[in-house]
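Read off the chains here:
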Amino acid sequence: MGRWDELEQTVKEFSEGKFPPPVDVLVREGPFGLYKIARDKYGFTPSPDGYVGKCHLCVDVRRHLAKTGHFPALRPEGFYENLLVED
């Protein structure tokens, strides 16, 4: 989360409990909280094939949210482009 050249500031903020929006939701509510935001506000539709576990769902949700451009903390976009997750 964050840029490598801002690592010191990011670590400081995390240690103070200040998280970027998607991380804050994950800390407070877990992957299902992020799923609810993606579904309710960004049109995320879960895979009809289901998910192996919560991490699989979380990656698919983050990939969807990253495409919106509203979540800079979910960069780099290339990370999601190289995953073996179908649209």
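Residues numbered from 1 in each chain as written. Predicted model: local features only at pLDDT ≥ 70, side-chain atom pairs only at ≥ 80, totals over all residues. Heavy atoms only, no water.

Quick look at the packing of aromatic side chains
Then comes step 1: Taken as a whole, this structure holds 4 aromatic pairs when the rule is applied.
Then comes step 2: Ring centres 5.0 Å apart and planes at 90 degrees place the aromatic pair Phe 79 and Tyr 80 in the edge-to-face group.
Then comes step 3: Residue classification places Tyr 80 among the buried residues on the basis of a relative accessible area of 7%.
Then comes step 4: Members of the aromatic cluster, connected to one another through ring pairs, are Phe 32, Tyr 35 and Phe 44. (Phe/Tyr/Trp six-rings, centres within 6.5 Å; stacked < 30°, edge-to-face > 60°. Buried < 20%, exposed > 50% of the residue type's maximum accessible area, 1.4 Å probe, protein only.)

Description of the environment of Tyr 51
Then comes step 1: With respect to the helices and strands, the residue Tyr 51 is situated in the loop between helix H3 (31-42) and helix H4 (54-68).
Then comes step 2: Exposure remark for Tyr 51: the relative accessible area of 24% places this residue in the partly exposed category.
Then comes step 3: Spatially, the C-alpha atom of Tyr 51 lies 14 Å from that of Arg 63, the residues being 12 residues apart in sequence.
Then comes step 4: Once residues lying within four places of it in the same chain are set aside, the contact partners of Tyr 51 are Phe 44, Pro 46, His 56, Leu 57 and Asp 60.
Then comes step 5: There is a polar contact of 2.9 Å between the side chain of Tyr 51 and the backbone nitrogen of Ser 47. (Helix = DSSP H or I, 4+ residues; strand = E, 2+ residues; numbered from the N terminus. Contact = heavy atoms within 4.5 Å. Polar contact = N/O pair within 3.5 Å; in protein donor to acceptor, adjacent residues only side chain to side chain.)

Brief notes about the packing of H3 against H4
Each pair of packed helices gets described by two things: the angle between the helix axes and the distance between those axes.
Then comes step 1: Between H3 and H4, whose axes approach to 9 Å, the crossing angle comes to 40 degrees. You can see that H3 and H4 cross each other, and the crossing is left-handed. Residues Pro 31, Leu 34, Tyr 35, Ala 38 and Tyr 42 of H3 form the contact with H4, whose participating residues are Lys 54, Leu 57, Cys 58, Val 61, Arg 62, His 64, Leu 65 and Thr 68.
Then comes step 2: Its residues assigned to classes, the contact of H3 with H4 shows 9 nonpolar, 2 polar and 2 charged. (Axes fitted to C-alpha atoms, helices over the stretch in contact; angles between N-to-C directions. Left-handed = near helix turned anticlockwise from the far one by under 90°. Nonpolar A, V, L, I, M, F, W, Y, C, P; charged D, E, K, R; others polar.)

What about helix H2 (residues 21-29)?
Then comes step 1: Listed as buried for H2 are Pro 22, Val 23 and Val 25. Down the axis of H2, the buried side of the element spans an arc of 160 degrees, and every buried residue falls inside it. In H2, the exposed positions angled more than 90 degrees off the buried face are occupied by Pro 21, Val 27 and Arg 28.
Then comes step 2: A positive backbone phi angle near 80 degrees is found at Gly 30, which sits one or two residues after H2. (Arc of directions from axis to C-beta.)

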